[in-house]
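Okay, here's what each chain looks like letter by letter:
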Amino acid sequence: MYNAFFGFTDSPFNLSPDPAFLYRSEQHEEALANLIYGVQSRKGFIVLTGEVGTGKTTMLECLRDFLESQYIEFAFIFNSRINSDQFFEMIAYDLDLRCQRTSKTEVLFALNQLLLQQSQQGRTTVLIIDEAHNLEWEVLEEIRLLGNLENRRGKLIQVILAGQPELDRKLDAPNLRQLKQRIVLRCALEPLDLGQTTEYINSRMEKGGMPGQQVFPPDLIADIHGRSQGIPRVINAICDNLLLTCFAMETRIATVEMLDEVSKDMRLEWPGRRPRGQRSRYADETLEQAPFFTRGD
Ligand SMILES: Nc1ncnc2c1ncn2[C@@H]1O[C@H](COP(=O)(O)OP(=O)(O)O)[C@@H](O)[C@H]1O
Ligand SMILES: [Mg+2]
């Protein structure tokens, strides 16, 4: 809507996990390197965790680009609220297995054939599961069994589990001990610090077609960092709303008054926030509170 006004070639703060807008922070770079290394080294399970909106799906999309560029077969399961029948059906669909896709036995047979054939050609096969903290126990058990498939060259399938921090806790459960032992790599995405938030905003503005942006002055970015708690998805939503407000007011510089308005519309809560003119009765607790933001997901 505001693209023409600012001269953007592409909206800088889209909420989609688009690798074209990737900001290569040290930790995102490291996470991606780990995912790629994990796949190439064929050791087994890799786990990626992070709070909502820290960039997990974006990392997986970058990995998808890598796998496609290397012609590595993969199944990408992003709806994890499934039972084990649906799980096998989705794998069969993604890997284009020629078999009766509703029959677990047939899918397993066809999958095994594919894995062996890929392995003979010196390639591995990858199973990526996003939102893995939602997986049911029975599906986790099936995944563990798939991870057992190997020939003399090593594991036939590399499994990547990405999810919110409770995934780590789930994997600590006694009945998943065997799966846990197979995890060779773990990485966690943390929120961005102030310096990274500044680079992040500048990088997205530049990719949208505005290098050396001045719409968000340094003071305002510090405020955006505080209110978003460094969570990329929240930063995107705030900045997108600020750009929209600038457009509506026909100005090219965002202000703290606009940020207050946007925060109110978004019902944003952040540690240390005080309702105007009031002191919180729970002053100590407010500082402990995690940022709250009513998201679409
Ligand atoms: N390193 C990054 N570079 C660019 N955009 C990012 C980065 N990390 C997160 N984002 C953006 O933040 C939003 C949330 O990221 P997403 O990958 O969906 O998070 P998660 O899967 O952890 O909830 C998306 O709009 C995404 O484009
Ligand atoms: Mg995600």
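Our structure is the block above this text.
Observations concerning helix H2 (residues 26-41)
With 16 residues, H2 ought to run about 22 Å at 1.5 Å a step, and its terminal C-alpha atoms sit 22 Å apart, in line with that. Listing the buried residues of H2 in full gives His28, Ala31, Leu32, Leu35, Gly38 and Val39. The arc that holds the buried residues of H2, viewed along the axis, is 125°, so those residues lie on one side. Along H2, exposed side chains directed more than 90 degrees from the buried face belong to Glu26, Glu29 and Ala33.

Concerning the site of ligand 1
Around ligand 1 sit 19 residues in total, of which Gly55, Lys56, Thr57, Thr58 and Pro232 are the nearest. Going through the elements one at a time, helix H3 (56-69) and helix H11 (232-249) are the ones with two or more residues in the shell around ligand 1. Classifying every residue of the shell around ligand 1 by side-chain character gives seven nonpolar, nine polar and three charged. Each of domain 1 (26-189) and domain 2 (192-273 + 283-288) gives at least three residues to the shell around ligand 1.

Points about the environment of Phe76
Looking at where Phe76 falls in the secondary structure, it is placed in strand E2 (residues 73-77). Judged by the 17 C-beta atoms lying within 10 Å of it, Phe76 falls in the partly exposed class. Residues Phe76 and Leu95, 19 residues apart in the sequence, show an inter-C-alpha distance of 9.2 Å. When residues no more than four places from it in sequence are discounted, the contact partners of Phe76 are Arg64, Asp94 and Ile128.

Quick look at the packing of helix H10 (residues 218-228) against H11
The axes of two packed helices give the description: the angle between them and the distance between them. Two numbers describe how H10 lies on H11: the axes approach to 9 Å, and their chain directions differ by 130°. As summarised for this structure, H10 and H11 are arranged oblique, according to the angle between their axes. Here H10 runs over H11; the crossing is right-handed. Residues Ile224, Arg227 and Ser228 of H10 form the contact with H11, whose participating residues are Val234, Ile235 and Ile238. Among the residues making up the contact of H10 with H11, the classes are represented as four nonpolar, one polar and one charged.

Quick notes on the rules
Residues numbered from 1 in each chain as written. Chains lettered and ligands numbered in written order. Predicted model: local features only at pLDDT ≥ 70, side-chain atom pairs only at ≥ 80, totals over all residues. Helix = DSSP H or I, 4+ residues; strand = E, 2+ residues; numbered from the N terminus. Expected span 1.5 Å × (residues − 1). Buried ≥ 20, exposed ≤ 12 C-beta atoms within 10 Å, placed from the backbone. Arc of directions from axis to C-beta. Near = placed C-beta within 6 Å. Nonpolar A, V, L, I, M, F, W, Y, C, P; charged D, E, K, R; others polar. Domains from an automatic or database assignment. Contact = placed C-beta atoms within 7 Å. Axes fitted to C-alpha atoms, helices over the stretch in contact; angles between N-to-C directions. Parallel < 35°, antiparallel > 145°, perpendicular 65-115°, else oblique. Left-handed = near helix turned anticlockwise from the far one by under 90°.

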